[in-house]
Amino acid sequence: MVATPEKLEHNHEQSSGQQRVAVLLMGYGEVESYEDFANYNEQALHLLTAKFAPVPAWIYPPLARILALFDRHEWGHQHNDFISPHNAIFEKQRAGIEKNLQQKWGDRVQVFKAFNFCAPFLPHQVLAEIKNQGFDKLLIYPLLVVDSIFTSGIAIEQVNKALSQLTDGKEHWVKGLRYIPSFYNEAAYIDMMVRLVEEKIASDLAAAYLPAEIGIVLMNHGCPHKAKGFTSGITESQALYDLIRNKLINRYPLISIGWLNHDTPLIEWTQPNVEQAAKNLIQLGAKAVMFMPIGFATENHETLLDVHHIIHALEKKHSQVNYVQMPCVNDHPDFLAMAAQWANPHIAELLSEEATTVNPQLAVAHHHHH
């Protein structure tokens, strides 16, 4: 790949204050219509399961349809036609981050959202729109706490595929690109998690329970232990947990990590799962247990339904314990302000650097010997 500085005369209409950056905020997206389950599952299986399980391609469509029946049963029958609030929350996050960024950059910066699995916001659809609007600088921003092959990894895979499809002629339309992989170790996020836990304890639990009787399960997205050598998310998730635990442990001794795993057969997942973590804390004398999602920034069926199921199962066995389910940060104004802050240095770099032209035709395979 050879990048050459733009000819100055060609660039002069842009340098008159017309440099703009498109921020591509990426999330999973969740199905809002039950008819879409099979298709959604099939795409998810292709992109996700293939990374850690040896599954032949022909299995995907029937497996997706079977999973759709389970989803339909769980969301429709057990949860009164549950519709995930994920996409609506993500839109609020997009709008809030854009508002924060435009206070600093004006309309030179615009925030677009893309979902891994939900039309009409699939990455190739959104990137086509960004290109149409004349943007040539791109900040790829998966709004994900932890970087892994299952989160930002799929985002980049989809973006690369889309950018290849959108290339026409010699010159690539993208002249500048930056990427924010995750924010598991950002001080502002760590402090916010700690503050939310402490505020909830102060308002709901402190009057009735000693600090040592309050169990705190800090919930991360479960990770398979083997992912063909891809980053599976375990390292950053564990680091995130340790950073938050260190700030709480002296006041609240009963803290455990809890992994929200998908129960797939034959795959070894991170332990303890959330239910086991809560049982362990109850065994050590917890009379109240708080479930705090730290590895998720946006509410989804896992943080809502899965945790709901877990609490329900625990209530049957330990009915005397008080269970408190906490929300994700979602569109909390403090979170949207910090998420915009993390993007600022990258936007500054994109706006200040000279545009580089990439010619995809120069990316010749070098193993052709004449």
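Computed from a predicted model, the values in this text were never measured in an experiment. (Residues numbered from 1 in each chain as written. Predicted model: local features only at pLDDT ≥ 70, side-chain atom pairs only at ≥ 80, totals over all residues. Heavy atoms only, no water.)

Concerning the pattern of salt bridges
Thought 1: Going through the model one piece at a time under the given rule, you end up with 14 salt bridges.
Thought 2: The partner of Glu98 in a salt bridge is Arg94, with the nearest N and O atoms 3.4 Å apart. A residue pair is termed a helical-turn pair when its members lie 3 or 4 positions apart in one helix, as Glu98 and Arg94 do in helix H4 (residues 86–105) at four residues.
Thought 3: In this structure Glu98 comes out as buried when scored by relative accessible area, which is 15%.
Thought 4: A residue is classified by how much of its surface remains accessible, and Arg94, at 14% relative accessible area, is buried.
Thought 5: Look at the salt bridges and you will find they share partners, linking Glu91, Arg94, Glu98 and Lys113 into a network. (Salt bridge = Lys/Arg side-chain N within 4 Å of Asp/Glu carboxyl O. Helix = DSSP H or I, 4+ residues; strand = E, 2+ residues; numbered from the N terminus. Buried < 20%, exposed > 50% of the residue type's maximum accessible area, 1.4 Å probe, protein only.)

Observations concerning the packing of helix H5 (residues 123–132) against helix H6 (residues 152–165)
Thought 1: Running from N to C, H5 and H6 point in directions that differ by 50 degrees, and their axes come no closer than 9 Å. Judged on the interaxial angle alone, H6 and H5 are oblique. By crossing handedness, the relation of H5 to H6 is classed as right-handed. Within the contact between the two elements, H5 uses Pro123, His124 and Leu127 and H6 uses Gln158, Val159, Ala162, Leu163 and Gln165.
Thought 2: Here the contact of H5 with H6 is composed, by residue class, of five nonpolar, three polar and no charged. (Axes fitted to C-alpha atoms, helices over the stretch in contact; angles between N-to-C directions. Parallel < 35°, antiparallel > 145°, perpendicular 65-115°, else oblique. Left-handed = near helix turned anticlockwise from the far one by under 90°. Contact = heavy atoms within 4.5 Å. Nonpolar A, V, L, I, M, F, W, Y, C, P; charged D, E, K, R; others polar.)

Some remarks on the sheet that holds strand S9 (residues 322–325)
Thought 1: If you trace the four strands from one edge of the open sheet to the other, you get S7-S6-S8-S9, paired in parallel fashion. In this open sheet, the two edge strands, each paired with only one partner strand, are strand S7 (255–260) and S9. Here the strands of the sheet are splayed against their neighbours by 25 degrees on average, with no regard to which way each runs.
Thought 2: Most of the contacts of helix H8 (residues 234–248) go to S7, to which it runs at about 150 degrees, and overall it touches strand S6 (214–221) and S7. (Pairing = 2+ DSSP bridges.)

Notes on the packing of helix H7 (residues 187–205) against H8
Thought 1: Here H7 crosses H8 at 50 degrees, and the two axes come no closer than 10 Å. Of the possible angle classes, the one that applies to H7 and H8 is oblique. In terms of crossing hand, the pair formed by H7 and H8 is right-handed. Between H7, through Tyr189, Ile190, Asp191, Met193, Val194, Val197 and Glu198, and H8, the contact on the second element is made entirely by Leu240, Leu243, Ile244, Lys247 and Leu248.
Thought 2: Classifying every residue of the contact of H7 with H8 gives nine nonpolar, no polar and three charged.

Describing the sheet that holds strand S3 (residues 109–115)
Thought 1: In spatial order, the strands read S3-S2-S4-S5; together these four strands make up an open sheet with parallel pairing. Where the open sheet ends on each side, the last strands, each with one partner, are S3 and strand S5 (176–179). Each neighbouring strand pair of the sheet contributes to a mean axis angle of 20 degrees, computed without reference to strand direction.
Thought 2: Strand contacts of H5: strand S2 (21–27), S3 and strand S4 (137–142), with the helix running at about 160 degrees to S3, the strand carrying the most contacts.
Thought 3: Strands S2, S4 and S5 of the sheet are contacted by H6, whose axis makes an angle of about 150 degrees with S4.

Here's the deal with the confidence of the model for the protein chain
Thought 1: For the protein chain, the average pLDDT comes to 85, and 79% of its residues sit at 70 or higher.
Thought 2: Every residue in residues 4–16 is under pLDDT 50, and counting partners more than four places away or in other chains gives 15 contacts. (pLDDT = per-residue confidence, 0-100.)

A word on unusual backbone geometry
Thought 1: Omega for the peptide link from Ala119 to Pro120 comes to 0 degrees, which places this bond in the cis form.
Thought 2: Relative to the helices and strands, Pro120 resides in the loop between S3 and H5.
Thought 3: A cis amide bond, omega 0 degrees, links Gln271 with the succeeding residue Pro272.
Thought 4: In this structure, Asn330 takes a positive phi of about 50 degrees despite not being glycine.

Describing the pairing of S6
Thought 1: Within S6, seven of the eight residues are buried, which leaves it mostly tucked inside the rest of the structure.
Thought 2: In terms of strand pairing, S6 meets strand S8 (residues 288–293) through six bridges, oriented parallel. Looking at the pairing, Val217 lines up with Phe291 of S8.
Thought 3: Here S6 pairs with S7 via six bridges, running parallel. In the strand pairing of S7, Val217 is matched with Ser256.

Side note on helix H10 (residues 301–317)
Thought 1: An ideal rise of 1.5 Å per residue puts 24 Å on 17 residues; H10 measures up with 24 Å between its terminal C-alpha atoms.
Thought 2: Looking only at H10, the buried set comprises His301, Glu302, Thr303, Leu305, Asp306, Val307, Ile310, Ile311 and Leu314.
Thought 3: A side-chain oxygen of the first residue of H10 lies 2.7 Å from the backbone nitrogen of Glu302; this N-cap is Asn300. (Expected span 1.5 Å × (residues − 1). Polar contact = N/O pair within 3.5 Å; in protein donor to acceptor, adjacent residues only side chain to side chain.)

Here's the deal with the nonpolar core
Thought 1: The biggest cluster of nonpolar side chains holds 59 residues, and the ones touching the most others in it are Leu101, Tyr189, Phe335 and Ile347.
Thought 2: It is helix H11 (residues 333–352) that provides the largest number of residues to this core, a total of 10 residues.
Thought 3: Dropping the residues within four chain positions of it, Ile347 is found in contact with Val21, Val23, Leu101, Trp105, Val109 and Leu139.
Thought 4: Judged by nonpolar contacts, the second largest core, of 20 residues, contains Leu260, Val289, Tyr323 and Cys328. (Core = buried A, V, L, I, M, F, W, Y, C linked by side-chain atoms within 4.5 Å.)

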